[in-house]
Amino acid sequence: MATSRRPAPRTGTQQTERKQSDSATRVLRRFRIVVNAIRSHFRSVEQRAGITGAQFWALAVVRDHPGIGVGELARSMHVHQSTASNLLRQLVGLGLVGSARDENDRRVSILRVTREGAKVLRKAPGPFAGVLPEALATLDEATLDRLDRDLGKLIDRLGTGQRGGGIPLASIVRDDE
């Protein structure tokens, strides 16, 4: 005669672990939603403008700040100066940004958007910096403070330090990287 086995009742520890697992899964899904929204936006930018999302953002900053230099661009985009330099090198190579030397300090490059660059900017959808910075800017200070603290805890658990904090999101979420 076959007997049916019932699962053993869960202990308090097992129930807590299950709740933590469920919570972690929900949060992971939310991260996926955020990443997919970012990826979708930048994919749309790339399809319509023909340049990467990071290049598009840099191009928009140069347009909005004629005569800006590399250091100022890096600060505006919250990226490392070498990242800004690489983006500009690509944009200059594509003929979307012009670069001239400052008359007073020949070491300084003054940047401007070319006609071709202006055409590219008209092609693609905003927001230029991406959907995540735009969405974060709409949140209240208390929510942003809480997110900052909580994400800081997650970063600590990942053990990565601040590595990656200076890389544009458009570069991080690319499909081919």
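Because the structure is predicted, anything quoted here is derived from the model rather than measured. Once a new chain begins, its residue numbering starts again from 1 and follows that chain's sequence as written. Where local features are concerned, this predicted model is filtered to residues with pLDDT of at least 70; where side-chain atom pairs are given and counted, the filter is 80 or more; whole-chain, interface and lining totals use all residues. Excluding hydrogens and water, the side-chain figures rest on all heavy atoms present in the structure.

This part is about helix H5 (residues 115–123). Only protein chains enter the accessibility calculation, which uses a 1.4 Å probe. A residue is then buried if its area is under 20% of the maximum for its type, exposed if over 50%, and partly exposed in between. Put simply, DSSP marks the helices as runs of H or I at least four residues long and the strands as runs of E at least two long, and each gets a number from the N terminus on. Along H5, the positions that sit buried rather than exposed are Gly117, Val120 and Leu121. On an axial view of H5, the arc spanned by its buried residues comes to 100°, and they lie on one face. Exposed positions of H5 whose direction lies more than 90 degrees from the buried face are Arg115 and Arg122. This arc describes the spread of directions from the helix axis toward the C-beta atoms.

Only one face of strand E2 (residues 109–113) is buried, namely the one carrying Ser109, Leu111 and Val113, since none of Ile110 and Arg112 on the opposite face is buried. Following DSSP output, two strands are said to pair if at least two bridges run between them. For strand E1 (residues 97–101) and E2, the ladder comprises five bridges, and the chain directions are antiparallel. Bridge pairing links Ala100 to Ile110 in E2.

A separate point is the pattern of salt bridges. The rule for a salt bridge is simple: a side-chain nitrogen of Lys or Arg has to be within 4 Å of a carboxyl oxygen of Asp or Glu. For the structure on display, the rule yields two salt bridges. With a shortest N-O distance of 2.8 Å, Arg63 and Asp64 are connected by a salt bridge. Judged by relative accessible area, Asp64 falls into the partly exposed class, the value being 44%.

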